[in-house]
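Remarks on the overall topology
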Amino acid sequence: MGMSHTSGESASRGPYGIPRINVTTLARIASSPSTWSEILGFHGELASDDYVRYADGFYRDNIRRYGDDWHYLDIVNVLYATSKALQPKTYLEVGVRRGRSACAVARGCPTVDIVAVDMWQKNYAGMENPGPELVTSELLKQGHRGGLAFANGNSHVLLPQLFQRRPQLRFDLITVDGDHSPDGAYRDLCDVAPQLEAGGVLVFDDISHPAHPYLLTVWRKFVAEHSYLSSFEYVEQGYGVAFAVRTQ
Ligand SMILES: C[S@@+](CC[C@H](N)C(=O)[O-])C[C@H]1O[C@@H](n2cnc3c(N)ncnc32)[C@H](O)[C@@H]1O
């Protein structure tokens, strides 16, 4: 019988606590050959833009060269693997753009309820950023059948408003990939952290992006101030990604 990647919440609590998934295990699953083969089956279809085409070629080239030994993490394989392993009921994404990362989550767990926050900045990263209609059709194309709610506007206004109105709102999986300024990214992280479910995962993109060299420092400061988070950083290749499991 194959091993399951689920978090095993039914096991009883011993001295090490509930056997929740840990960040190193998530990193392994994300970069495993079976995960890559699943991702390559759908990645090329995502929001077909220049960056997706480039990333698709990059994945295939590295796998051709290094086979099963290629170790690499980015927002797509981390989100896909996490979503598949956790089977989240609820997902909050801050910074959606054309839906590539949201589709990775939906592919891992088609029934997930998604709250998608974006101000749809025009021509973001040199490509059209049309908004909810495109993202909805991308998600449907990828088989998403959970709930989908858009919050259109500035996350620094919308997130505090939402959590003030619904303080009990919890998410099993959260991505912060919106405002990339040092203060803005830090504020988004601090705003969403209290809403992360215990055992849930928070993903933060671009920690080694050359245009945003301060984001790794932002992440480290944020994690140091939130002792209930166990963090993993990947900065070796590409734009880098960080993620954390909420341990309590
Ligand atoms: C890097 S893109 C998101 C990419 C997406 N997560 C993916 O991997 O496909 C950043 C997005 O955040 C949005 N954004 C930037 N600042 C924002 C803010 N303060 N509030 C809401 N959205 C914001 C932009 O409009 C853009 O669509």
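Structure shown above.
Rules behind the numbers
Residues numbered from 1 in each chain as written. Predicted model: local features only at pLDDT ≥ 70, side-chain atom pairs only at ≥ 80, totals over all residues. Heavy atoms only, no water. Helix = DSSP H or I, 4+ residues; strand = E, 2+ residues; numbered from the N terminus. Rg over C-alpha atoms; globule rule 2.2 N^0.38 Å. Buried < 20%, exposed > 50% of the residue type's maximum accessible area, 1.4 Å probe, protein only. Contact = heavy atoms within 4.5 Å. Lys, Arg positive; Asp, Glu negative; His and termini not counted. Charge placed at Lys NZ, Arg CZ, Asp CG, Glu CD. Pairing = 2+ DSSP bridges. Right-handed = clockwise from strand over helix to strand, strands pointing away. Core = buried A, V, L, I, M, F, W, Y, C linked by side-chain atoms within 4.5 Å. Axes fitted to C-alpha atoms, helices over the stretch in contact; angles between N-to-C directions.

1. Considerations on the overall build of the protein chain
From N to C terminus, the protein chain includes nine helices and seven strands. Computed over C-alpha atoms, the radius of gyration of the protein chain comes to 17 Å, within 12% of the 18 Å expected from 2.2 N^0.38 for 248 residues, which places it in the range of a compact globule. Principal-axis analysis of the C-alpha atoms gives the protein chain an extent of 50 × 45 × 35 Å. Counting across all 248 residues of the protein chain, residues that qualify as buried make up 51%. By sequence separation, contacts in the protein chain at least 24 residues apart represent 70% of the contacts at least 6 residues apart. With 23 positive and 28 negative side-chain charges, the protein chain shows a spacing of 4 Å between the two charge centroids.

2. Quick word on the pairing of strand β4 (residues 171–176)
Summarising burial for β4: six of the six residues are buried, a large majority. As defined by bridge partners, strand β1 (residues 90–94) adjoins β4 across four bridges and the pair is classed as parallel. Within the sheet, the bridge partner assigned to Leu92 lies in β4 and is Ile174. Both β4 and strand β5 (residues 196–205) contribute to a ladder of five bridges, which runs parallel. Counterpart to Val176 in the pairing with β5 is Phe204. For the crossover that starts at β4, traverses helix α8 (residues 182–192) and ends in the parallel β5, the hand is right-handed.

3. With respect to the nonpolar core
Membership of the largest hydrophobic core comes to 48 residues, with the highest contact counts inside it found for Tyr59, Leu73, Leu79, Val201, Val203 and Phe243. At eight residues, helix α4 (residues 75–86) tops the list of elements feeding residues into this core. When neighbours within four sequence positions are excluded, Leu73 is seen to be in contact with Ala27, Ala30, Ser31, Val78, Phe232, Tyr234, Val241 and Phe243. By size, the runner-up hydrophobic cluster in this structure holds 28 residues, among which are Leu162, Val176, Val192 and Val223.

4. Some words on unusual backbone geometry
Positive phi values are uncommon outside glycine, yet Gln87 reaches one of about 50°. Within the secondary structure, Gln87 sits in the loop between α4 and β1. Positive phi is not limited to glycine here, since Ala125 has a value of about 55°. Along the polypeptide, Ala125 turns up in the loop between β2 (113–118) and α6 (132–141).

5. Here we look at the sheet that holds β5
Reading across from one edge, β3-β2-β1-β4-β5-β7-β6 is the order of the seven strands in this open sheet, with mixed pairing throughout. Among the strands making up the open sheet, the edge pair consists of β3 (148–152) and β6 (229–234). The mean angle between the axes of side-by-side strands here comes to 15°, regardless of whether they run parallel or antiparallel. Sheet topology places β6 next to strand β7 (residues 241–246); six bridges connect them, and they run antiparallel. When the bridges of β7 are listed, Ser230 appears paired with Val245. The strands touched by α4 within the sheet are β1, β4, β5 and β7, with β5 carrying the most contacts at an inclination of about 165°. Set on the sheet, α6 makes contact with β2 and β3; between it and β3 the angle comes to about 155°.

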